[in-house]
Amino acid sequence: MSCSESAPLLENGGHMCHRNLPSTRVVNLLKGEGEPSWAESFKFFIFGTWFNILLVFVPLSFISHNMDWDVGLVFLFSSMAIVPLAQLLGEATDQLSVKLGETISGLLNASFGNAVEIIVGVAALLNGQLRIVQMSMIGSILSNILLVLGCSFLAGGLYHKQGFFNGTGARTSTSLMALLCITFAVPAAYTSTTDTGMQNHCSDCPTDGLLFISRGTAILLLGVYCAYLWFQLKSHPFLFIAPSSATAEQNSEVTVALAETEETEPRMGTAAAGAALLLVTVIIAFCAEYLVTSIEETAAHYSISKAFIGVILLPIVGNAAEHVTSVWMAMRNKYELTITICVGSSIQIACLVVPLLVIVGWIVGQPLTLHFHNFETIVLFASVFLVNLLLMDGNANYLEGLMLLTLYMVIALAFWVT
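Remember, it's a predicted structure, so these values are computed and weren't measured experimentally.

So, the nonpolar core
1) Next: Judged by nonpolar contacts, the single largest core of 106 residues is most densely connected at L142, F153, F184 and L391.
2) Next: Leave out the neighbours within four places in its chain, and F153 touches F165, Y335, I339, L391, A396, N397, Y398, E400, G401 and L404.

Some details on the packing of helix α3 (residues 38-47) against helix α14 (residues 270-301)
1) Next: In contact at an axis separation of 9 Å, α3 and α14 are set at 45° when each is read in the N-to-C sense. Our classification of the angle between α3 and α14 gives oblique. In the packing of α3 onto α14, the handedness of the crossing is right-handed. Each of W38, S41, F42 and F45 in α3 lies in contact with α14, whose residues at this interface are A271, A272, A275, A276 and V280.
2) Next: In terms of residue class, the contact of α3 with α14 is made up of 8 nonpolar, 1 polar and no charged.

Observations regarding the environment of S64
1) Next: Assignment of secondary structure puts S64 in helix α4 (residues 57-66).
2) Next: Using a relative accessible area of 0% as the deciding quantity, one classes S64 as buried.
3) Next: Through-space distance from the C-alpha of S64 to that of Y290 is 9.4 Å; in sequence the pair is 226 residues apart.
4) Next: Setting aside anything within four residues of it in sequence, one finds S64 in contact with W69, L73, V74 and F77.

Notes on the environment of K161
1) Next: Assignment of secondary structure puts K161 in the loop between α8 (130-159) and β1 (163-164).
2) Next: Here K161 falls in the exposed class, since its relative accessible area comes to 79%.
3) Next: Between the C-alpha atom of K161 and that of N397, which follows or precedes it by 236 residues, the distance is 6.6 Å.

Thoughts on the state of the cysteines
1) Next: Applying the stated criterion across every chain, the model contains 0 disulfides.
2) Next: The thiol sulfur of C151 is not disulfide-bonded, and the nearest other cysteine sulfur, from C342, lies at 9.3 Å.
3) Next: A relative accessible area of 28% means that C151 is categorised as partly exposed.
4) Next: Cysteine C226 is unpaired, with the sulfur of C351 as its nearest cysteine sulfur at 8.8 Å.
5) Next: Using a relative accessible area of 51% as the deciding quantity, one classes C226 as exposed.

Description of the environment of L76
1) Next: Following the sequence through the fold, L76 ends up in helix α5 (residues 71-97).
2) Next: What makes L76 partly exposed here is its relative accessible area of 42%.
3) Next: Each C-alpha atom, one on L76 and one on L291, is 8.2 Å from the other, the two residues being 215 residues apart in sequence.

So, the confidence of the model for the protein chain
1) Next: Considering every residue of the protein chain, the mean pLDDT works out to 81; 82% of them sit at 70 or more.
2) Next: A low-confidence stretch, residues 4-18 (pLDDT under 50), is modelled with 8 contacts involving residues beyond four sequence positions or located in other chains.
3) Next: Here residues 245-262 is modelled with pLDDT under 50, and outside its nearest four sequence neighbours on either side it reaches 22 contacts, counting other chains as well.

Cut-offs used in this document
Residues numbered from 1 in each chain as written. Predicted model: local features only at pLDDT ≥ 70, side-chain atom pairs only at ≥ 80, totals over all residues. Heavy atoms only, no water. Core = buried A, V, L, I, M, F, W, Y, C linked by side-chain atoms within 4.5 Å. Buried < 20%, exposed > 50% of the residue type's maximum accessible area, 1.4 Å probe, protein only. Contact = heavy atoms within 4.5 Å. Axes fitted to C-alpha atoms, helices over the stretch in contact; angles between N-to-C directions. Helix = DSSP H or I, 4+ residues; strand = E, 2+ residues; numbered from the N terminus. Parallel < 35°, antiparallel > 145°, perpendicular 65-115°, else oblique. Left-handed = near helix turned anticlockwise from the far one by under 90°. Nonpolar A, V, L, I, M, F, W, Y, C, P; charged D, E, K, R; others polar. Disulfide = S-S within 2.5 Å. pLDDT = per-residue confidence, 0-100.

Right under this line is the structure:
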């Protein structure tokens, strides 16, 4: 019998129907009924991994900045503080996604997957360090598709003779990366080859035409990213799962390992995970601010190229936890997850974070453009070309990882002397 059928006609009748009021739902959410308590949630959050020992650098970052310690120490402590915070941000996102369904979970991971890069980029943007923003974005892409993917293939290849993943999905992702490289090359070509683009151009005062191209392209790329999310999560998700073809049947042990999908174990309440996500984001914002403001003096005081800091050091700091996860998945013969982490993260940077920062710069009056230096554009294009070649067959081995790492080290040497 429904509630309305059993309810009395008169207000003073036998019993009343208790409605699930919004306030009751909010209280239940905060209490986390049927979920780990707040104490259990934060105990797991803080003490759940040895990686969190690096959280000691968070107070050191605050102290060194506010007590005017050596600028090198501020840079070091802030960099090291962001490493465990990035891992905690990912953990909070995963725990929050447990009870929110597949679609919301995918959107959360897509939104917060590169939150550290967004926070560092916005901090640099508000400080007027436009070249640091550009170089750190290029560096994040190169770090993911060369350093992380290379280390993963190398480590996985030492444990397994051959790794397998869905080549069709990988080719789709790398083709999108190729498109993004071309869109980044257009502003550079416009500035270098057209009379309008070459007039009165400098990095801090781009022409109106270059700004128009960059901002228009940024809006289009955000649209492409939304379409990519729909493609990956809804219309064609089968392209991004482990293969189950004849090749996989011949390698049944590999297929079983790839087909296993690990669901995140609910170790935190939903409300606690949301609060932890907000708290970590705020702390990262402060550490990123300290890091960005110390770059200029650190580069001058220790004779380190700003290009090397932006392209090599900052991306390694921001993606350290992600690097460990990707390598670990490859060692467990789960290359599909490795590809998703490395290539998927690069697409998020190029198709979401970079356009978003261009639009934020537009709003706050900072003339950030998609015009990267010719050397950076060529390096990015060559890197994506190599990754395309290596991923098109759906197989992975240690030699391919060594190729990717070699190219990354060559690029690092070049930026050291830039």
